[in-house]
Structure formats: C-alpha cells, structure tokens
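These are the residues of each chain, in order.
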Amino acid sequence: MSTTLDPALGRARRSWYVYDWANSAFVTTTQTVLFAPYLTVLARRAACPEAPDGCTRTLSVLGLPIAPGSLALYTITLATILAALVLPFVGALADRSRHRHRLLAGFAWVGAAAGTAMVAMGGDRWWLGVLLALVAVVSLVCSLVVNDALLCDVAAPEDRDKVSSRGWAAGYLGGFLLLAINLVLVSTPSTFGLDDEWAVRVSLASAGLWWGLFTFVPFFGLRRLPVRPVLDLAPGARGSLTAPVRQLVATLGGLPAHPQVLRFLVAYLIFNDGIQTVIAAASVYGQEELGFSQAQLLTTILLVQGVAFLGALLFGRLAGRFGAKRTVMGGLGLWTVVVVIAFGVPRGAFPTWLGLAVLIGLVLGGTQALSRSLYSRLVPVGAEAEYFSLYQAGERGTSWLGTLVFGLVAQLTGSYRPALMALLVFFVVGALLLSRVDVDAGVQQARRGTDPVR
C-alpha cells in the first residue's frame, strides 16, 4: 500500500496527467475520426477530378498504384516505419538527459505545429496531408516515449496501475471535450459561416492547437522533479555524438538478459497492432462500408471517449483485484468480440453501431493503460526511456503490420469486412503470447537494473 504522497510529487503527477489530456485531442479528432476520411476525399478528387464519388482509379505515388481508399492506412504504416527507425535513438537520448520534460515538450510542439498546419489541406492536396501526418505521428510517438518513461519518475511500481489508468482517463476526457466541440462544428458548419470541408480543416487545426497549448502544463510542472542520475551505459562515449548509438547497441545486446521484457514486447506488438488498426480504420469502415456521415462518426467516437474515461478507471480497479496481466487478457477476449460484432453490423444500422461503441469504450482505455503500467514494472531501472522506445513501436497510432494487412485485404477484396476479420489473429496470438509472460520473474530482473558488465 502506498504511503502519503509528497505534495511536490503530487503536483508533478498531475502535470504528467495533462500530457495525456493534451495529445489525446489530436489522437481522437485527427487520427481516429477526421484525417483518414478527409484524406480519402482528397485522394479520390486527385485520381478522378471529374467524378470523385464513383472513382475506381488509383493514384500514382512514387510510381506505385495506390487505391485512394487505402492511402490513409498506408500513410500510418509509413509513419510507423519511420518512427521505428528513430524511436530507439530517442529513447537512448532521453535516458542520457537530466531534463526529460524539455524533450517531451520539444517533440510535442513539432507534432502540434504539423497538426495545426493541416488547416491547409484542401482541393486535391493529398500529398500535403501525407507529409503533415508523417511529421505529426512521428513526433507524437517520440514524445510518448519520453512521457511513458516519466511514469517511472512520478509513481512507485505499486502505484503505476492506478496512475497510468488516471492518465489515460484524463486523455479520454480531454479528447471527449474537444471532439464534442468539433462535432457541433462539423454537424452545423453553416452556423459558423463555413462549408463542410472548412469545418473539417478547422477541426484538424484545433486538435493541433489544443495539443501544443496544453503541453505547457507538463513543460513547467515537471521541471521540479528531482534531477535523475544518468547511468553511463556506454563507457568511453560520454559526451560524444555516438553515445546514444552505443548506448542503444548495449541495450539491445542486453535484451536476452531480460526475457520477460522480450516476451511482453512481442505479445504487445501483436495485440496492440490489432487494437490500433481497429481504432485507425474505424472511421473509414464506418464511412465507406456502413455509409455513416461525418457527424455520425463524430458522435460514435464521442461516445467511445466518454465510456473509455470510465473504462480506464474501472480497469484500474480490476487490476488491483485480479492483477494487470489477467485484466489485460480479459480485455483482449472482449476485443475479439468487438471485431466479430463489427463484421456483422448491417449497412446503415447506426443504433447497433453505437452499442458496439460502448463495448469498445469499456475495453479501449483499460487495456492500453494497464499494458503501459505492467511494462513499466518489467523494464530495467536506469534504462526506462530506451525500453519504452521499443514499446512505442507497437503503441497507439503506430501500428504497421495491422494497417498494412487491413489495407491490402481491403484493396484485394474490394471490401472492408474481410479486412476487419483478418485482425482477429492479432488478438488471439497476442493473448497466447502474453499468457507466457512471468510477471514476478520480470519484476525481479528489473530491480537488478542493467547488466553491470556494460
């Protein structure tokens, strides 16, 4: 049982919660709801300027034929690949930094600027949307590496399930509020003197502004955390430009000494790919396969956000009773139910779709929040950011295999329904692999920290 919380640590913890509040507005409004459908509209307009609604042509992207309906999914895939190349170096840099809050804010503000600039999307400028999305998503996941590592600074191991769940809950609440505002804007654009497209563009910009402005809270609020010691994980390289690279090599070489971390990472990469692909593809699936309008999609995600706020807190309580691992595995079972139900939703059946949204909200925040806190107990002391950089390769909005599978199946079959069913394998295989993680052994290994030989 945790002791009385130090007031200074309490203030830092609340500031840490605000970063989930800040970035979740971008994740919800832009990544989850508006970006993919709007980019699809621009891509179809570019491929078939005379009749975009019935377009069957492909775009030529670097010489490759790309179906307009799959462009957004491929964009997410490319962003993930780029992130996977830089995230380990970001983690090595963060572990060598005494001021992680500066790195957090720097990455956040670059991503927020790109998100705000999406107001310039329009006409047939799909290429601008792709470029801005790449910058925003890569910056987002870089900031999340630092933010997740800061969980180890603001909470003791026994408090992390609760603290991580509260952070996710704050994120869902923030996303809910901005999405509610944007729902009004997109549903009644003429009230504000806008047409439909400008309402979407202004909403995209608002998510970037929200992210950037609220990042000032953790930037100032985390300054007073105790200065953390920096371990010299790459002897002989201190102060050199190659130090982060050497540290990364040393960390990767030490992974076999932490087998539970490795097992969890493989399981998480797989099942979270499924979760993130469902999130990323939901708006496209709802618009293209089920025929729902932008306003209906916003209403759906708004419902998910509201229920997810409660779901994250509920899963935090369940973890206190049943353990984080068992609670996450139960959540994965519910995700398989979500996919099966979504496959059978008839076109235009909006009430059924809303019922499914309630179930998604219950499991969404809980599985992600507890995965973060569970992993934080397995990573070696002193190398948290590096190990969280590997974790972020499979984190929200960075799915690569899932979005690739979904996009390919959709393009080959001409339907999003079989593409959705293909995602079942991610949840089943991920749960089986997670069942093999020995949490107690992993915690003991983590307490020993990094290999002293290094």
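Please read all numbers here as calculations on a predicted model, not as lab measurements.

Quick look at a nonpolar patch on the surface now. There is a patch of nonpolar side chains on the surface, built from Leu78, Ile81, Leu82, Leu85 and Val86 and spanning about 400 Å² of accessible area. Looking at the element boundaries, Ile81 is found in helix α2 (residues 71-95).

Scanning the entire structure with this criterion turns up seven salt bridges. Note that Glu197 is salt-bridged to Arg45, the shortest N-O span being 2.3 Å. Placement of Glu197 in helix α6 (residues 196-214) and of Arg45 in helix α1 (residues 7-47) is noted, with a sequence separation of 152 residues between them. Take Glu197: its relative accessible area is 23%, and that puts it in the partly exposed class. The partly exposed category is assigned to Arg45, whose relative accessible area is 25%. Of the charged contacts in the structure, one is a salt bridge between Arg372 and Asp148, with a shortest N-O distance of 3.2 Å. Placement of Arg372 in helix α12 (residues 350-378) and of Asp148 in helix α4 (residues 126-154) is noted, with a sequence separation of 224 residues between them. Grouping residues by exposure puts Arg372 and Asp148 together as buried. One connected set of salt bridges, linked through shared partners, spans Asp20, Asp148 and Arg372.

On average, the protein scores 83 in pLDDT, and the residues at 70 or more come to 88%. Across the protein, α6 holds the top mean pLDDT of 96, while helix α8 (residues 243-254) sits lowest at 64.

Here Tyr285 shows up in helix α9 (residues 259-289). A sequence separation of 135 residues divides Tyr285 from Leu420, and the C-alpha atoms of the two residues are 8.7 Å apart. Filtering out sequence-adjacent residues up to four positions away, Tyr285 remains in contact with Leu290, Ala342, Phe343, Trp353, Tyr416, Arg417 and Leu420.

What counts, and at which threshold
- Residues numbered from 1 in each chain as written.
- Predicted model: local features only at pLDDT ≥ 70, side-chain atom pairs only at ≥ 80, totals over all residues.
- Heavy atoms only, no water.
- Patch = residues over 30% accessible without salt bridge, like charges linked within 9 Å, V, L, I, M, F, W, Y side chains within 5 Å.
- Areas by Shrake-Rupley, 256 points an atom, 1.4 Å probe, with all protein chains shown as cover.
- Salt bridge = Lys/Arg side-chain N within 4 Å of Asp/Glu carboxyl O.
- Helix = DSSP H or I, 4+ residues; strand = E, 2+ residues; numbered from the N terminus.
- Buried < 20%, exposed > 50% of the residue type's maximum accessible area, 1.4 Å probe, protein only.
- pLDDT = per-residue confidence, 0-100.
- Contact = heavy atoms within 4.5 Å.

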